[in-house]
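Spelled out, the chains give:
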Protein chains: 8
Amino acid sequence: MTDEVGTVRFDVGRYGRIGLAEAVLAEGKTPEQIVEAMDQAHDAVGQVLVTRLTAARFEALPEAHRSWLDYDPVSRTAMTARIPLPRTPGAVAILTGGTSDIGVAREAARTLRFHGIVSQEIADVGVAGLWRIMEHRDLLKAMPVVIVCAGMEGALFSVVGGLSGGVVIAVPTSNGYGVGAGGMVALNAALASCAPGLAVTNVDNGYGAACIALRTLAARDKESPV
Amino acid sequence: MTDEVGTVRFDVGRYGRIGLAEAVLAEGKTPEQIVEAMDQAHDAVGQVLVTRLTAARFEALPEAHRSWLDYDPVSRTAMTARIPLPRTPGAVAILTGGTSDIGVAREAARTLRFHGIVSQEIADVGVAGLWRIMEHRDLLKAMPVVIVCAGMEGALFSVVGGLSGGVVIAVPTSNGYGVGAGGMVALNAALASCAPGLAVTNVDNGYGAACIALRTLAARDKESPV
Amino acid sequence: MTDEVGTVRFDVGRYGRIGLAEAVLAEGKTPEQIVEAMDQAHDAVGQVLVTRLTAARFEALPEAHRSWLDYDPVSRTAMTARIPLPRTPGAVAILTGGTSDIGVAREAARTLRFHGIVSQEIADVGVAGLWRIMEHRDLLKAMPVVIVCAGMEGALFSVVGGLSGGVVIAVPTSNGYGVGAGGMVALNAALASCAPGLAVTNVDNGYGAACIALRTLAARDKESPV
Amino acid sequence: MTDEVGTVRFDVGRYGRIGLAEAVLAEGKTPEQIVEAMDQAHDAVGQVLVTRLTAARFEALPEAHRSWLDYDPVSRTAMTARIPLPRTPGAVAILTGGTSDIGVAREAARTLRFHGIVSQEIADVGVAGLWRIMEHRDLLKAMPVVIVCAGMEGALFSVVGGLSGGVVIAVPTSNGYGVGAGGMVALNAALASCAPGLAVTNVDNGYGAACIALRTLAARDKESPV
Amino acid sequence: MTDEVGTVRFDVGRYGRIGLAEAVLAEGKTPEQIVEAMDQAHDAVGQVLVTRLTAARFEALPEAHRSWLDYDPVSRTAMTARIPLPRTPGAVAILTGGTSDIGVAREAARTLRFHGIVSQEIADVGVAGLWRIMEHRDLLKAMPVVIVCAGMEGALFSVVGGLSGGVVIAVPTSNGYGVGAGGMVALNAALASCAPGLAVTNVDNGYGAACIALRTLAARDKESPV
Amino acid sequence: MTDEVGTVRFDVGRYGRIGLAEAVLAEGKTPEQIVEAMDQAHDAVGQVLVTRLTAARFEALPEAHRSWLDYDPVSRTAMTARIPLPRTPGAVAILTGGTSDIGVAREAARTLRFHGIVSQEIADVGVAGLWRIMEHRDLLKAMPVVIVCAGMEGALFSVVGGLSGGVVIAVPTSNGYGVGAGGMVALNAALASCAPGLAVTNVDNGYGAACIALRTLAARDKESPV
Amino acid sequence: MTDEVGTVRFDVGRYGRIGLAEAVLAEGKTPEQIVEAMDQAHDAVGQVLVTRLTAARFEALPEAHRSWLDYDPVSRTAMTARIPLPRTPGAVAILTGGTSDIGVAREAARTLRFHGIVSQEIADVGVAGLWRIMEHRDLLKAMPVVIVCAGMEGALFSVVGGLSGGVVIAVPTSNGYGVGAGGMVALNAALASCAPGLAVTNVDNGYGAACIALRTLAARDKESPV
Amino acid sequence: MTDEVGTVRFDVGRYGRIGLAEAVLAEGKTPEQIVEAMDQAHDAVGQVLVTRLTAARFEALPEAHRSWLDYDPVSRTAMTARIPLPRTPGAVAILTGGTSDIGVAREAARTLRFHGIVSQEIADVGVAGLWRIMEHRDLLKAMPVVIVCAGMEGALFSVVGGLSGGVVIAVPTSNGYGVGAGGMVALNAALASCAPGLAVTNVDNGYGAACIALRTLAARDKESPV
């Protein structure tokens, strides 16, 4: 019988079970809890991915930990610097509607790279200037997986969903104001889209979008068990 | 001093004041109140427009009234049959994203016709098949006023807003289900659009959209008073 | 120049463009519009899928059309009876949390069958009796695509997301009452899930879930264009 | 194939396409991204408008850029100082319900001036003191375009909509507290107004209101293409 | 100890305690429960007021009860026919914005009459035609209590609040559609009004508005106890 | 491999696992599914409880099933008529704020009786007539478990929570209109209560409240395992 | 024609029109605008009331203005120090549910004092300890006007509404967390209350509550005009 | 008659009345008010529990008070150091879904300890790694009371509810982002759970959860009064 509310217990076996590494979600954790989780992951599998880690909180980590981490302030992610070789080059495209969506897009790109996938980014293709997305029509048609990051009204999701036959992952971002604040309009637009079969994630969830992409690529190697 | 809550008092002078006829909004009124409002309008200005009048409620009107009304069940509007000659032919285009948006579009078209304007309709140009709207690119560029009726995620508003330099009026429709039910997603998408300067109306408000169009056409004839 | 708000314009080329057939969404359409859309699809590609078609509305279709349609009242779908041979047998599992989720699950199953895919259904595996889902652990681990249909609090999404490494598609259903009415709790639970990389659809969108599955299977055959 | 999520891509051709210059929305962008967008606009069309730029962020811009920008802290806008001559003097009136709405009104006024339009402002005409708006009755009747900025309960929109026959643009502001916080009450009041044909924008969207005004003035010069 | 969930227990002493009679809220009760509550009230104080009683439910009451009830279908209220003499003639004015608000206004008027107060009704004075309310300016200034019933955007509340120095009671009605459906916009407009000191009730609560009026009239006779 | 979305799979072992029988939630199920679930429960454990079964749906059940069911239309519950002897007489009190809350209260009472517990009901003790609840002060203080069913503003929850030291279970009911419609105000009032330690359930969840009561009574017999 | 968005225009005649002085709402105004509004009020009527003025903002006012202002940080109000003699002593009681509600209560008390009314405060009478409010039962019964300030679940409104026959003004406060954050639960509880005839204000609107009280006291002196 | 809004009035008799000590909720109180409430509690019953007291606010308390307080920054609680001996050892288990939920769990644990109960904590048993909760299956089955603290989608509540037959208390935490921000998804998931009989509290209400546990333990000693 104890009187203390416990310690961190990182799910180090997740990669082995389902092929996706658990990331350390820094938001809502104390610095001590972040370090403890990183250590557990590092000790068990030799690799760590940290998400939603602000620059200020990264600076507050022990020097020893910072030394072996590759930190990117735009996506607020840190990860172990040793990256395995690309497993499936170029299978994933990542689009952004506007400049403000780049942070979320980069969270997706870095999560993919952490799992060995190099992605291709196409920035600033919002539909108010439709010619920008139309330039990439052939690429969208051929690509197995397309991640679309967009805020405001999220019209880009539907347009891409009508141009691509691959898995289209809609990541609403929290960019916007008034009714658009917090990303709820973009999220609902993705869910209510007239384009068939969009795979939608939570607002700003670049990590989750990358995981859907990884699951899709993993599905290539799975044989039906029945 | 009275003990009775009053009678209908139709704003018969509105057309004279601001150039827009008050319509009889049938929803929420008893049959007696609808007839009373129609009579007041008819007596004062010789013309009546009734909106949100279901077929069942139209049938319940006195035969005498039905005889001089032109009723359309799709838009649920009734109006006096004598229509003045077109004042500004072809100045307004009305687009619909899907088949279910036609009722709202027709409410706008008939309100315009009631005020003497013949409009041009372009149906079923939802963005999931982008080629459909692209066929009308030149028209959209040249048109003074474009009314766009769309439900679900309302992506059509942004695409048209980026193609047209005229007044673009976004009318969200209540078509959709799940998060899209009631038209709130389409409404918010119109308000949060990345396309600059969309004029947004309430959900299903085809009448209001026509009034914005009429105000725009009226603005052509107004000289700055200062 | 016309005065009529247009006619149905079915996107008959969608299958050719992105490999997904446009379905006729019956909800919100008049019987005439449904028939017109079915005819356009039938004439162009020889196959039709109709969704959200209540039994009463199916009965109201012309006898000629009903004769060549396979109608299922539980999923409220109708489709042409001639089904192509299975393309990828057994690649998709469809789970339901409770008995009330079966209608949505069957909409997914029939959309898949319409595209040539035979799926495997596993019913009534809600987490309040955890042993039910645990029995299918090995299958979940091996399956390329798993569709999960659940209402109420949607806890099943997270549990399956932690057991399967394939693409996990979360379809919230509108079953529930109080705060759970309309499916919003299940939807938000899917979006906020602690399981990594759930692909979420709109509430009750079995058709959309099937389309994500089809996109995933199509991604197997796509080579990166770069 | 690249590993970097892209660079800013400003829609420099928008003015040419639809007569409205894209503005740099500073909110949600890093200082580097703001400068990059300003440079692209400046290089391509020789003019820049920046919105939602706080005083602190303006001060953080490079001295070189600040030197050629006209910055206004109340509206949080910056623009190139060389302003073209007025194109349509006095065609637009801008009303505010209360003192707190002035920032949004000035964003509209400065966006108009950036496009060559000088507007007329009428401040503090909230309906709780009805005599204030009644003094401007004749002006409202004659004006082609009236922009109304109001927060709290937004009753001013309906009153102006009943007095003016020109295009009335309702801009809800986020001023208020309790149920009025964030501007949603004013927004919904504008959308649900009993005055016919209000053109509504997102909360605090003075830029968008100016764009509707510009579209209206542009519509004067458009001939129907059909 | 019992096994039955109880019987109706009407608060027959309320009039004695606070000067307001408890009304029988018919909505949500079975016919038996309505009759039981009416009987308890009748036996104890000899008078009954029933609210939210649809015509169909009134018809379903026992003939014996219907014979001594004065039923009004517009307000959906029934009350004992013997009405005491007016206690404070003309102290309360009841305004309606539109024809659809009359049902709620009449619920207030009849609740007042049940307590012996005859009120004065002024119908259809919505602000889109401002001249209608301006005609009653002097009356509003002089009146001790003004009840305002309005739906849609509820702008009438603020205008009356600025014209009257008496107690202004805002009763939002559920008339409206789109964002205005259910009366929430009118309710929030009343709460966020720029007019000082509006007394707001729940949506459609004509009974509650009358009770505030009765409390105000009662306050005339109360001396401060301290 | 199957092509059919499965059959009902009732959790017949739940009583054995956690001491609570799974109930058949009739809402959202077809008549066939209800019968199938009832049969599985009956065959396995010899007892059945059905909730949210309207009178119309009960009448539609096979005569054979209806013959051995005890149906109560107020609570919309059916259960096997053979009731075991009371296990813990009088340990649970059930309070209702108003007459309309009785249906939910009785769902709780009958769920308890199905598990062998006889409860005590106290009806119509809403706080607007505070003397009604004060009469039961001593009982509330002594009772181990008190279930409170209240709609509208749910003030009764806080008052009882301050008078009783036993487990107080707050069941919001969906009775109310305007902001109170659907029971959300009562629910939130229970959650935000200033009374310490209210156990809150979903709206109208009399069954769930009974289950909390049963868990509380079961806790009496549990010894700490550590 | 001007290019400047205007200056402050204080409604200095409001007291003369309706007996209520306009207050300067400091929130959302710049320091210059606050000073300008204060000067206009001071010049015209010799008295000023400022609300929602934080201590930091008060300190930032010019020394000259601060010297003649009576500032209270708890209610965040400032007013001219010369207070007229009490007009109606003791006619208003102000209750608070908890300590955190005192700021709002004091805003009401000081607004009353500004208009010459001295009120009586009764603190910390939340219903979780019902004995506290019961001690004041006779006072509540006799008082013409009772203002109740409460946050969280707002149960106090209903209890007082059942004990007092005077005008009961419910002021929800924003104290609370979780579902209670922002005061919406208390607001809705006031609106949905089972106590008849509560006069409800916006969240934290102590000023508005005082204005309802002042209107009630003014109604004493009004004779019905008809 | 007074002119001052009152002083703190702590409910010092609550423990005597219902066995639960009132805690000082620091949030929303000034430092002076916190000290005053602590003093009243200390003087009357010799013990104090303060909740929602940030480290910064604790540091601002007088040294004299801090000296006899045991402060814990993770749960933001302070309490008198003299703790009575454990009354019911080990009767309560406290589970957390993730590391971020520990603060809320510890608020529950310390509230229990303040009342003499030592609890057992089990950390980081989120359902995405189901093996973690399954390890504690036997414990959950035997435990009289289980408190579950979880944020995000709150799936843990349903899983525990299906494994334990004791009282299961669901405490949603505000950890999460996007749709999960503020804890509303976890709260609604708890309320809509398919597991029977969850006792739900407000978001982050560890104190309330402990009070439900205390009420449950108290119910052991209560005999039915009837």
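Everything numeric here is computed off the predicted structure, so don't read it as measured data.

Enquirer: I'm lost on the overall build of chain A in this one. Help?
Expert: Across its full length, chain A carries 10 helices and nine strands. Burial statistics for chain A: of 226 residues in total, 67% are counted as buried. Intrachain contacts of chain A at a sequence separation of at least 6 include 68% that bridge at least 24 residues. For chain A, the separation between the mean place of its 19 positive charges and that of its 23 negative charges on side chains is 6 Å.

Enquirer: Just checking my understanding: could you explain helix 5 (residues 102–114) of chain H for this structure?
Expert: In an α-helix, one full turn covers 3.6 residues, which means residues spaced three or four apart are oriented alike. Residue and element names in this part refer to chain H. Over its 13 residues, helix 5 extends 18 Å from the first C-alpha to the last, a length consistent with the 18 Å expected when each residue adds 1.5 Å. Where burial is concerned, most of helix 5 is hidden: 12 out of the 13 residues are buried. Buried residues of helix 5: Ile102, Gly103, Val104, Ala105, Arg106, Glu107, Ala108, Ala109, Arg110, Thr111, Leu112 and Phe114, and no others.

Enquirer: I would appreciate a short explanation of the sheet that holds strand 2 (residues 49–51) of chain C in the present structure.
Expert: Working definition: the strands of a sheet are paired by backbone hydrogen bonds and lie parallel or antiparallel to each other. Residues and elements named next belong to chain C. One open sheet accounts for four strands, arranged 1-2-4-3; its pairing is mixed. Either end of the sheet is taken by a strand with one partner, and the two such strands are strand 1 (24–25) and strand 3 (69–72). Taken together, the four bridges between strand 3 and strand 4 (residues 77–80) define a ladder with antiparallel strand orientation. Within strand 4, the residue paired with Leu69 across the bridge is Thr80.

Enquirer: What am I meant to see in the relation of the copies chain H and chain G here?
Expert: Note on the copies: chain H fits chain G at an RMSD of 0.0 Å, the axial shift is 0.0 Å, and the rotation between them is 90°. Here the transformation between the copies is reduced to the relation of a four-fold axis. Every residue of chain H has its C-alpha some distance from the rotation axis, and the shortest such distance is that of Gly182 of chain H, at 8.8 Å.

Enquirer: How should I be thinking about the pairing of strand 5 (residues 92–96) of chain H in this particular structure?
Expert: Taken residue by residue, a regular strand's side chains alternate between the two faces of the sheet. All names here are of chain H. Counting buried residues along strand 5, five of its five residues qualify, which places the element largely inside the surrounding structure. Going residue by residue along strand 5, you find Val92, Ile94 and Thr96 tucked away on one face and Ala93 and Leu95 tucked away on the opposite face as well. In this structure, strand 5 lies alongside strand 7 (residues 145–150), joined through five bridges in parallel fashion. Note on strand 7: the bridge partner recorded for Ala93 is Val146. Relative to strand 6 (residues 120–122), strand 5 runs parallel, the two sharing three bridges. Looking across to strand 6, one finds that Ile94 is bridged to Glu121.

Enquirer: Teacher, can you tell me more about the interface of chain B and chain D here?
Expert: Accessible area lost on assembly of the parts is the figure often given for the size of an interface. Listed by partner, the interface residues are 47 residues for chain B and 47 residues for chain D. Counting each side, the surface lost to burial between chain B and chain D is near 3600 Å², with a carbon and sulfur contribution of 58%. Across the chain B-chain D interface, the total number found is zero salt bridges. The tally of links between chain B and chain D comes to 17 residue pairs in polar contact (both at pLDDT 80 or more). Of all elements in the fold, only helix 1 (14–18), helix 7 (137–142), helix 8 (155–163), strand 8 (167–172), helix 9 (184–191), strand 9 (198–200) and helix 10 (206–219) of chain B reach the threshold of two or more residues within the side of chain B that touches chain D. A total of eight residues in the side of chain B that touches chain D trace back to one element, the largest contributor, which is helix 10 of chain B. Classifying every residue of the side of chain B that touches chain D by side-chain character gives 26 nonpolar, 14 polar and seven charged.

Enquirer: Honestly, the interface of chain H and chain G in this entry has me stumped. Any pointers?
Expert: Every contact between the two is made by 24 residues of chain H and, on the other side, 26 residues of chain G. In total, about 2200 Å² of surface goes out of reach between chain H and chain G, with carbon and sulfur atoms giving 52% of it. For the pair chain H and chain G, the interface holds one salt bridge. Of the charged contacts, one joins Glu135 of chain G and Arg9 of chain H as a salt bridge, the two residues approaching to 3.0 Å between their closest N and O atoms. Summed over the shared surface of chain H and chain G, the result is eight residue pairs in polar contact (both at pLDDT 80 or more). Looking at the side of chain H that touches chain G, the elements with two or more residues in it are helix 1 (14–18) and helix 9 (184–191) of chain H. Of the residues contributing to the side of chain H that touches chain G, the split by class is eight nonpolar, seven polar and nine charged.

Enquirer: Please clarify how the relation of the copies chain B and chain D should be interpreted in this entry.
Expert: Mapping between the two copies of the chain is achieved by a rotation about an axis and a shift along the axis. The transformation that overlays chain B on chain D combines an axial shift of 0.0 Å with a rotation of 180°, and the residual RMSD is 0.0 Å. Taken together, the rotation and translation relating the two chain copies correspond to the operation of a two-fold axis. When you check the interface residues of chain B against chain D, 100% turn up at the interface there too, and the contact is symmetric in its surfaces.

Enquirer: It is not clear to me how helix 2 (residues 31–45) of chain C should be interpreted in this structure. Could you clarify?
Expert: Along its 15 residues, helix 2 of chain C runs 21 Å from first to last C-alpha, staying within 8% of the 21 Å computed at 1.5 Å per residue. Buried residues of helix 2 of chain C: Gln33, Ile34, Val35, Ala37, Met38 and Ala41 of chain C, and no others. Tucked inside the fold, the buried residues of helix 2 of chain C contact helix 5 (102–114) of chain B together with strand 1, strand 2, helix 3 (55–59), helix 4 (63–67) and strand 3 of chain C. Note on helix 2 of chain C: the residue one or two positions beyond its end, Gly46 of chain C, has a positive phi of about 75°.

Enquirer: Explain the environment of His115 of chain B here, please?
Expert: Residue and element names in this part refer to chain B. Along the polypeptide, His115 turns up in the loop between helix 5 and strand 6 (120–122). Here His115 falls in the buried class, since its relative accessible area comes to 9%. C-alpha of His115 to C-alpha of Gly19: the two residues are 96 residues apart in sequence and 9.1 Å apart in space.

Enquirer: Would you explain the pattern of salt bridges in this entry?
Expert: A side chain with one charge can pair with a side chain of the opposite charge if their charged atoms come near. With the rule as written, the count across this model stands at 72 salt bridges over all chains. Between Arg14 of chain G and Asp11 of chain G there is a salt bridge, with its nearest N and O atoms 3.1 Å apart. A network of salt bridges, in which partner residues are shared, links Asp11, Arg14 and Arg17 of chain A.

Enquirer: I keep staring at the packing of aromatic side chains and nothing clicks. Help me out?
Expert: Both the distance between ring centres and the angle between the ring planes are used here to describe each pair of aromatic rings. Following the criterion strictly, the structure yields eight aromatic pairs over all chains and no others. For the pair Phe58 of chain A and Tyr71 of chain A, a centre-to-centre distance of 4.3 Å together with 5° between the ring planes defines the contact as stacked. Of this pair, Phe58 of chain A sits in helix 3 (residues 55–59) while Tyr71 of chain A sits in strand 3 (residues 69–72), placing them 13 residues apart in sequence. Overall, the relative accessible area of 8% leaves Phe58 of chain A in the buried class. The class for Tyr71 of chain A is buried, based on a relative accessible area of 17%. Over the ring of Tyr177 of chain H we find Arg52 of chain A, and its NZ or CZ is 3.6 Å from the ring centre.

The rules behind each value
- Residues numbered from 1 in each chain as written.
- Chains lettered and ligands numbered in written order.
- Predicted model: local features only at pLDDT ≥ 70, side-chain atom pairs only at ≥ 80, totals over all residues.
- Heavy atoms only, no water.
- Helix = DSSP H or I, 4+ residues; strand = E, 2+ residues; numbered from the N terminus.
- Buried < 20%, exposed > 50% of the residue type's maximum accessible area, 1.4 Å probe, protein only.
- Contact = heavy atoms within 4.5 Å.
- Lys, Arg positive; Asp, Glu negative; His and termini not counted.
- Charge placed at Lys NZ, Arg CZ, Asp CG, Glu CD.
- Expected span 1.5 Å × (residues − 1).
- Pairing = 2+ DSSP bridges.
- Least-squares fit on C-alpha atoms with pLDDT ≥ 70 in both.
- Buried area = accessible area lost by both parts, 1.4 Å probe.
- Salt bridge = Lys/Arg side-chain N within 4 Å of Asp/Glu carboxyl O.
- Polar contact = N/O pair within 3.5 Å; in protein donor to acceptor, adjacent residues only side chain to side chain.
- Nonpolar A, V, L, I, M, F, W, Y, C, P; charged D, E, K, R; others polar.
- Phe/Tyr/Trp six-rings, centres within 6.5 Å; stacked < 30°, edge-to-face > 60°.
- Lys NZ or Arg CZ within 6 Å of the ring centre and 35° of its normal.

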